[in-house]
Amino acid sequence: MMDPFLTVTTTIVGERATVLSATGEIDGDSRKILGEAADAAIAAGQHRLVIDLTGVTFCDSGGLSLFVELHRRITALGGELRLAGLREMVATVVRATNLDRLLLLYPTVDEAVEASRHAG
Amino acid sequence: MPTLSSMSEPDQGRWFEPLRAILDRSHLWTPDDVTRSVNAALAGLGMRVRIWLIDYEQVLLRALPEPGRETPEPVPIDGSLAGRAFSRVVSVPAGEDGRRRWWVPMVDGTDRLGVIEFATPADADGDERLVRNCEMITGLIGHLIATITQRGDALETARRSRPMSPASELLWRLLPPLTASTDRVVTSAVLEPSYEVGGDGFDYSIDDTTASLLILDAVGHGLRAGLACAVTLAAVRAARLAGGGLYEQARAADAALLEQFPDSRFATAVLAELDLGSGRLRYINAGHPAPLLLRGGRLVRELSAGRRMPLGLDDAAVEIAEETLEPEDRLLFYTDGVTEARARDGDRFGLSRLVDLVRQHEAAGLPAPETLRRLAHAVLDHQVGPPADDATLMLVQWSTPAALNTVPGAGTTTREDQDG
């Protein structure tokens, strides 16, 4: 926990989706790394975000509240936040908190990007 | 129950003066003055006391300093006679130097505050009568100490083995007593790490017909989480006290959290109401671990219905779940810091370990607060280093015997059992 172990790379896919690929663990400390990457994308006018969680092995409530916060901000801007590639551990946490009712979840990044393309 | 017939015996009257002296003096007590004035009041009976308070982590009993007397070293709960009196809520004799000593459990209502050590003359009344009177004196002192805790800092500092974080300081002042009992129900809770609690909290309200219950876990750590927990507690209480049901309580927390925390701080929680006549339980689960229904030491089921999103997420769609308890049933509420606690090898504390410990402690006849104290320590012992998350447990027993088991003097003074 002292040494947040999370890296995020940003890829713009075509016209309508920006993929933030996270690798590592998302908790109350490391969430700011993902938060800053999302801030930068939003500031650049990219409002259709996909967070690729394929490489995320752990996520606690600090990470979940970041997803909720980003969901709200992006929705308010007329955009959409999608989460893709959740491992079982992360999916369990999302389901346990009933946040699967709020967040848009996709099995793969491709499916999330595809959905972004057809949205709005 | 203590026999009231003994009260009518002629020399019972000599206990009246000390009681009156303690009560009279207590209006102006300072923490320093408590033990001194109790001892002055008891001098005529040839008795002395030392007052021991339980520390926040519920590991050691710590003597309340008395001016002019040396303060003894703290005494551990585990493996001591004093600890036995505390943990079992039962008076324990300890002979010494030709005098009789008694360790008498000190509670406020049924909330365990510590023990009072009585040194009594060897030729005092018969043991049974003597100890009932010591319990009566202790009962008065327990209530009085609870009322003056906030008059000065010394009663608080006497309970602390180290400084407390601001978040913990905030939270402990908001929480109700850990344990409360009535004729029909006992509810007891425990929070760890007690000096650095973040966002966990609990609440209850028990009246003649209903026990209202709340456990919650606000996102994050430290003071921010503590503030979110405080806002949630206050919103739920305000709605409940205004006559709102479970749905209104949850919506009030949604509104308060949304207003105060634009960065989407949320709190997972279970809000429940237990009808104390019929055993009907109604509950809402806002993204929290499902409470456990335990019967005869076994897990009947996880109460996994009534689900909505965490408090603070403006979730208007909720169905209130229902369950019917049988007499003697237990409900165990917990936060994920309990089951997620990880050992060095990654092994999580988990649900089955939790249920198994409750079963063991129930079989040993432990009072609810003692079961929880041991559960909390088992969780702490399971993990390496400081806890990664808050761990909170709340046990509710719909049971008159379980409630009586938290009352001092309700059993016999020398109740035998297998472990300390």
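Bear in mind the structure is a predicted one, so any value in this text is a computation, not a measurement.

Brief notes about the sheet that holds strand S2 (residues 17-26) of chain A
Residues and elements named next belong to chain A.
Move 1: Here we have five strands laid out as an open sheet, ordered S1-S2-S3-S4-S5, and mixed in their pairing. Each edge of the sheet is formed by a strand with only one pairing partner; in this case those strands are strand S1 (6-13) and strand S5 (104-106). Along the sheet, successive strands turn relative to each other by an average axial angle of 25°, direction set aside.
Move 2: Here S2 runs beside strand S3 (residues 48-59); their pairing, made up of eight bridges, is parallel. Bridge pairing links Thr18 to Leu49 in S3.
Move 3: The strands that helix H3 (residues 88-96) touches are S3 and S5; relative to S3, the one it contacts most, it runs at about 110°.
Move 4: Packed on one face of the sheet, helix H4 (residues 109-118) meets S1, S2, S3, strand S4 (80-84) and S5 and runs near 160° to S3.

A look at the interface of chain A and chain B
Move 1: With 16 residues of chain A at the interface, the matching set in chain B holds 21 residues.
Move 2: When the two sides are added together, the surface that chain A and chain B hide from each other amounts to roughly 1400 Å², 54% of it contributed by carbon and sulfur.
Move 3: On the chain A side of the contact with chain B, Arg72(A), Asn98(A) and Arg101(A) bury the most area, a combined 35% of that side's loss.
Move 4: For the pair chain A and chain B, the interface holds one salt bridge.
Move 5: Here Arg101(A) makes a salt bridge to Asp315(B), at a shortest N to O gap of 4.0 Å.
Move 6: Applying the counting criterion to the chain A and chain B interface returns seven residue pairs in polar contact (both at pLDDT 80 or more).

Structural notes on the domain arrangement of chain B
Residue and element names in this part refer to chain B.
Move 1: Segmentation of chain B into domains returns domain 1 (4-157) and domain 2 (162-404).
Move 2: Taken over C-alpha atoms, the centre of domain 1 sits 32 Å from the centre of domain 2.
Move 3: Together domain 1 and domain 2 conceal approximately 1500 Å² of surface at their shared face, both sides included; 47% is due to carbon and sulfur atoms.
Move 4: On the domain 1 side of the contact with domain 2, Tyr56, Gln58 and Arg88 bury the most area, a combined 36% of that side's loss.
Move 5: The tally of links from domain 1 across to domain 2 stands at two salt bridges.
Move 6: On inspection of domain 1 and its partner domain 2, the count reaches 10 residue pairs in polar contact (both at pLDDT 80 or more).
Move 7: At the level of secondary structure, the elements contributing two or more residues to the side of domain 1 that touches domain 2 comprise helix H3 (81-88) and strand S6 (111-120).
Move 8: Counting residues per element, the side of domain 1 that touches domain 2 draws most heavily on H3, which supplies three residues.
Move 9: Residue composition of the side of domain 1 that touches domain 2, grouped by class: five nonpolar, four polar and seven charged.

A closer look at the UniProt feature "domain: STAS" (unreviewed entry) in chain A
Move 1: Here, UniProt's "domain: STAS" (unreviewed entry) annotation points to residues 19-116 of chain A.
Move 2: Between the C-alpha atoms that bound residues 19-116 of chain A there is a distance of 11 Å. The span itself is 47% helix and 29% strand.

Some words on the pattern of salt bridges
Residues and elements named next belong to chain B.
Move 1: Counting across every chain of the model gives 40 salt bridges over all chains.
Move 2: Of the charged contacts, one joins Arg132 and Glu135 as a salt bridge, the two residues approaching to 2.6 Å between their closest N and O atoms. With Arg132 and Glu135 both in helix H4 (residues 127-148) and three residues apart, this pair spans about one turn of that helix.
Move 3: Put simply, Glu156 and Arg160 hold a salt bridge, and the shortest N to O gap is 2.7 Å. For the pair Glu156 and Arg160, one class covers both residues: buried.
Move 4: One continuous salt-bridge network, built from bridges that share partners, spans Asp78, Arg112, Glu370, Arg373 and Arg374.

So, helix H8 (residues 246-260) of chain B
All names here are of chain B.
Move 1: In this model, H8 (15 residues) spans 21 Å end to end at C-alpha, consistent with the 21 Å of a helix rising 1.5 Å per residue.
Move 2: By the burial criterion, the buried members of H8 are Leu246, Gln249, Ala250, Ala253, Asp254 and Leu257. One side of H8 carries all its buried residues, which in axial view fall inside an arc of 140°.
Move 3: At its buried positions, H8 is contacted by helix H7 (222-241), strand S11 (267-275), strand S12 (280-286) and strand S15 (307-308).

A short note on unusual backbone geometry
Move 1: Across the junction of Glu192(B) and Pro193(B), the peptide omega takes the value -5°, indicating a cis bond.
Move 2: By secondary structure assignment, the location of Pro193(B) is in the loop between strand S8 (186-192) and strand S9 (200-206).

Focus on the packing of helix H1 (residues 16-26) of chain B against helix H2 (residues 31-42) of chain B
Residue and element names in this part refer to chain B.
Move 1: Relative to each other, H1 and H2 sit at 150°, their axes nearing to 8 Å. With respect to H2, the axis of H1 lies roughly antiparallel. Viewed along their axes, H1 and H2 form a crossing whose handedness is right-handed. In this structure, H1 contributes Pro18, Ala21, Ile22 and Arg25 to the contact, and H2 contributes Asp33, Ser37, Val38, Ala41 and Leu42.
Move 2: Here the contact of H1 with H2 is composed, by residue class, of six nonpolar, one polar and two charged.

Some thoughts on the pairing of S4(A)
Residue and element names in this part refer to chain A.
Move 1: Counting buried residues in S4 gives four out of five residues, a clear majority hidden from the surface.
Move 2: For the handedness criterion, the β-α-β arrangement of S3, helix H2 (residues 61-76) and S4 is classed as right-handed.
Move 3: The sheet contact formed by S4 and S5 spans three bridges and is parallel. Opposite Arg82, over in S5, you have Leu104 as the bridge partner.

Details of the sheet that holds strand S7 (residues 179-181) of chain B
All names here are of chain B.
Move 1: With antiparallel pairing, the six strands of this open sheet are ordered in space as S7-S8-S18-S17-S13-S14. At either end of the open sheet lies a strand with only one pairing partner, and these are S7 and strand S14 (298-302). Averaged over all adjacent pairs, the angle separating strand axes in this sheet is 20°, with direction ignored.
Move 2: Bridge analysis of S7 against S8 gives three bridges, and the strand direction is antiparallel. Paired with Ser181 across the strands is Val186, a residue of S8.

With respect to H3(A)
Residues and elements named next belong to chain A.
Move 1: Burial in H3 covers these residues: Val90, Ala91, Val93 and Val94. What you see down the axis of H3 is that its buried residues fit within an arc of 160°, all on one side.
Move 2: Buried positions along H3 lie against S3, H2 and S5.
Move 3: Looking one or two places after H3, you find Asn98, whose phi comes out positive at around 65°.

Reading the values: rules and limits
Residues numbered from 1 in each chain as written. Chains lettered and ligands numbered in written order. Predicted model: local features only at pLDDT ≥ 70, side-chain atom pairs only at ≥ 80, totals over all residues. Heavy atoms only, no water. Pairing = 2+ DSSP bridges. Helix = DSSP H or I, 4+ residues; strand = E, 2+ residues; numbered from the N terminus. Axes fitted to C-alpha atoms, helices over the stretch in contact; angles between N-to-C directions. Contact = heavy atoms within 4.5 Å. Buried area = accessible area lost by both parts, 1.4 Å probe. Salt bridge = Lys/Arg side-chain N within 4 Å of Asp/Glu carboxyl O. Polar contact = N/O pair within 3.5 Å; in protein donor to acceptor, adjacent residues only side chain to side chain. Domains from an automatic or database assignment. Nonpolar A, V, L, I, M, F, W, Y, C, P; charged D, E, K, R; others polar. UniProt positions renumbered as here; feature names shortened; annotations may be inferred. Buried < 20%, exposed > 50% of the residue type's maximum accessible area, 1.4 Å probe, protein only. Expected span 1.5 Å × (residues − 1). Arc of directions from axis to C-beta. Parallel < 35°, antiparallel > 145°, perpendicular 65-115°, else oblique. Left-handed = near helix turned anticlockwise from the far one by under 90°. Right-handed = clockwise from strand over helix to strand, strands pointing away.

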